[in-house]
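Okay, here's what each chain looks like letter by letter:
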Amino acid sequence: MKNIHTQKLWGGRFTAGISSMVESFTQSLDHDRFLALQDLAGSRAHARMLAAQKILTRQELENILQGLDQIRKEVEQDCFEWDPGLEDVHMNIEKRLTDLIGEPGQKLHTGRSRNDQVALDFRLYVSQAAAEWQEDIRELISVLVNRAEEHARTLLPGYTHLQPAQPVSLAHHLLAYAQMLRRDHQRIENALPRIRVSPLGAAALAGTTYPLDPSMVAGELGVSEVFSNSMDAVSDRDFALEALFAASMIMMHLSRLGEEIILWSNPGFGFIILPEAYATGSSIMPQKKNPDVAELVRGKTGGVFGRLVALLTTMKALPLTYNRDMQEDKEPFIQAHISVSASLQVMAGMMSEIRFDESNMLKALKKGYLNSTELADYLAARGMPFRRAHHLTGQIVAFAEEKGVALEDLSLRELQEFSRLIEQDVFHVLDYQRAVERRNSPGGTGPDSVDRQVQAFRLWLDRKNGGSV
Ligand code: ARG
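How each quantity is defined
- Per chain, residue numbering runs from 1 following the sequence as it is written.
- In keeping with the model being predicted, local features are shown solely for residues with a pLDDT of at least 70 and side-chain atom pairs are shown and tallied solely at 80 or more, while totals for entire chains, interfaces and linings include all residues.
- As a rule here, side-chain values cover all heavy atoms of the structure and leave hydrogens and water aside.
- Here a residue is considered near a molecule or strand provided that any single heavy atom belonging to it is located within 4 Å of it.
- As used in this structure description, the phrase polar contact means that two N or O atoms lie within 3.5 Å; if the pair is within protein, one of them must be able to donate a hydrogen and the other to accept it, and residues adjacent in sequence are counted only when both atoms belong to side chains.
- Only the protein chains shown count as cover for residues, and the accessible areas themselves come from Shrake-Rupley with a 1.4 Å probe.
- Strands here are runs of E lasting at least two residues and helices are runs of H or I lasting at least four, both read from the DSSP assignment and numbered beginning at the N terminus.
- For this scheme, ten residues count as nonpolar: Ala, Val, Leu, Ile, Met, Phe, Trp, Tyr, Cys and Pro. Four count as charged, namely Asp, Glu, Lys and Arg, and the remainder, Gly too, count as polar.
- What counts as a salt bridge is simple: a side-chain nitrogen of Lys or Arg found within 4 Å of a carboxyl oxygen of Asp or Glu.
- Note on pairing: DSSP must find at least two bridges between two strands before they are called paired.
- Any residue with relative accessible area above 30% and no salt bridge may belong to a patch, with like charges joined within 9 Å and the nonpolar Val, Leu, Ile, Met, Phe, Trp and Tyr side chains within 5 Å.
- Under the scheme applied here, a residue whose accessible area is under 20% of the maximum for its type counts as buried, over 50% as exposed, and between as partly exposed, the area being computed with a 1.4 Å probe on protein chains only.
- Here a residue-residue contact requires only that any non-hydrogen atoms of the pair lie within 4.5 Å.
- Any two rings among Phe, Tyr and Trp, with Trp reduced to its six-membered ring, count as a pair given centres within 6.5 Å; such a pair is stacked if its planes are under 30 degrees apart, edge-to-face if over 60, and tilted if neither.
- The criterion for a charge sitting over a ring is simple: Lys NZ or Arg CZ within 6 Å of the ring centre, and within 35 degrees of the ring normal.

All residues in the neighbourhood of the ligand are listed as S28, D32, D88, H90, R114, N115, V118, Y322, R324, Q327 and K330. The separation between a nitrogen atom of the ligand and a polar side-chain atom of S28 is 3.1 Å. One nitrogen or oxygen atom from the side chain of Y322 is found 2.4 Å from an oxygen atom belonging to the ligand. Within the complex, 87% of the 340 Å² of free accessible area of the ligand lies under protein. Broken down by element, the shell around the ligand gets its largest block of residues, three residues, from helix α7 (residues 114–150). Along the lines of polarity and charge, the residues of the shell around the ligand split into two nonpolar, four polar and five charged.

For the structure on display, the rule yields 26 salt bridges. A salt bridge links R187 to D184, with the nearest nitrogen and oxygen atoms 2.9 Å apart. Here the residue R187 and the residue D184 both occupy positions in helix α8 (residues 170–195), the gap between them amounting to three residues, near one helical turn. A salt bridge links K366 to D409, with the shortest nitrogen-to-oxygen separation between them at 3.6 Å. Linking K366 in helix α14 (residues 358–367) with D409 in the loop between α16 (386–403) and α17 (412–418), this pair joins segments that are 43 residues apart in sequence. The network of salt bridges with common partners includes D69, R72, K73 and E76.

Below, the discussion takes up unusual backbone geometry. The omega torsion of the bond from L320 to T321 falls at 5 degrees, within 30 degrees of zero and hence cis. With respect to the secondary-structure elements, T321 resides in the loop between α12 (292–315) and α13 (330–353). Positive phi is not limited to glycine here, since A203 has a value of about 60 degrees. Relative to the assigned elements, A203 resides in the loop between β3 (197–198) and α9 (214–221).

This paragraph deals with the pairing of strand β2 (residues 163–169). Here strand β1 (residues 155–160) pairs with β2 via six bridges, running antiparallel. Across the sheet, residue L155 finds its bridge partner in β2, namely S169. If you look at the hairpin formed by β1 and β2, you'll find two residues sitting between the two strands, and H161 has a positive phi there, around 55 degrees.

The next subject is a nonpolar patch on the surface. A contiguous nonpolar surface patch, about 270 Å² in accessible area, is contributed by L205, M231 and L320. On the secondary structure map, L320 appears in the loop between α12 and α13.

Another aspect to go through is the environment of V145. Considering the arrangement of structural elements, one finds V145 in helix α7. Exposure remark for V145: the relative accessible area of 0% places this residue in the buried category. A sequence separation of 309 residues divides V145 from V454, and the C-alpha atoms of the two residues are 6.4 Å apart. Excluding anything up to four places from it in sequence, V145 contacts L175, V454, F457 and R458.

As a further point, take the environment of V118. Structurally, V118 is set in helix α7. Residues V118 and P199 lie 81 residues apart in sequence; the distance between their C-alpha atoms is 9.3 Å. Filtering out sequence-adjacent residues up to four positions away, V118 remains in contact with H90, R237 and K330.

Moving on, we come to the packing of aromatic side chains. As enumerated under the stated definition, the model contains nine aromatic pairs in all. Seen in terms of ring centroids, F122 and F239 are 5.6 Å apart; in terms of plane orientation they differ by 70 degrees. Their pairing is edge-to-face. A residue pair is termed long-range when its members are at least 10 positions apart, and F122 in helix α7 and F239 in helix α11 (residues 238–265) qualify at 117 residues. Among the residues examined, F122 registers a relative accessible area of 1% and is labelled buried. Taken together, a centroid distance of 5.5 Å and an interplanar angle of 65 degrees make the contact between F399 and F418 edge-to-face. One end of the pair, F399, is in helix α16; the other, F418, is in helix α17, and 19 residues separate them in sequence. Looking at F399, the relative accessible area reads 30%, which means it is partly exposed. What links up through ring pairs into an aromatic cluster is the set F122, Y125, W133, F239 and F333. The ring of F457 has R182 sitting right over it, with the charged end atom 4.6 Å from the ring centre.

Nothing here speaks to function; it is all geometry.
Pasting the structure below:
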């Protein structure tokens, strides 16, 4: 059997062959080739630093940069020839570089190990992914704020225990999601400085004897921080875990919104009409319009949570420093990244096109007796102890239910049968729009409070757009 080890870039000390089964088991190219552009950026920065430190000559640096640029084009044009026999993205690129420019290609790895190299590539990848999520979050928030403004006066039942509770404005309901997403955005912002740290210069685990300048590498890469401990630098993946946690939180929020879309599109609710582009039919039941997009967002959430737990579990018993187990970090992150980006984008599209059925929302308000609290408060304001007012209102609701009408559809006479405290002005109080307007407490569903939220979001969106505010 031909000795494959001697062909490996690390094969110097090996004499026996490697089986193709082991080769395919240990290769990571399937996943880390998606980090090729980050690997090339890291190599460019490393090469420049080596030249600045006189470890490479100017000519060698020129050759290396030209070779790396050629490879970048091949990767971008999708014509780079990946060889799984070369194990991973780093070896593939190094081999191609050496084929292209000869000996200088072999000098690029001076003072560097795949351990600090892969940590850097992954940090750059995670940082870019997280920044993309922020952009997608911003877009979804902007859609929600637009829809909220459009529906400042649309009312629907607010629920607790999924039972109709009190009327709220649709704007307030939609902005609740915008608030959650803004915190998700902030969570990423807070994590980014911990993600954007350059580990290059840690080498295998202990640092190196070469006079490297890790700060210069970090500067070249546009990251502000440099590792402080080489063992930590090559062996922690907390930065990816933090991003996966942020991703999980985003998905949890999107899944709740998805759940509402699913409920609201059910004819039993009938609050929304799904845009056809975001629904599918049934192959057997012609009447159906299924909310598959929202269901898939809800479904993908499980996958993202799972990947967070998968990587936590992979890491939990690893002794310092690098262990090959850690190669299992990229697949879950890349998969989660795909799910989060797609879910945020598809939700923004769907939310911008959903039609809200205001008359069905109003019907649900009436049917759910959502102005009962108003009546109880009305009686209490006229001197009836609240407990009694609450009880009496319950009796009035039961009476109206029996008659099959809403509270405001009872006559004044009928109402007065229950209490002489009730007068004509009760109908003013029972009005749903007024009930919402009265809830102008800070952060409440009243129009002033909703307006304040919209204004705050507008300022925030302007700032995130690079505006001057
Ligand atoms: N493919 C490896 C990974 O993703 C690269 C680092 C390999 N280092 C090593 N010492 N074998 O983790």
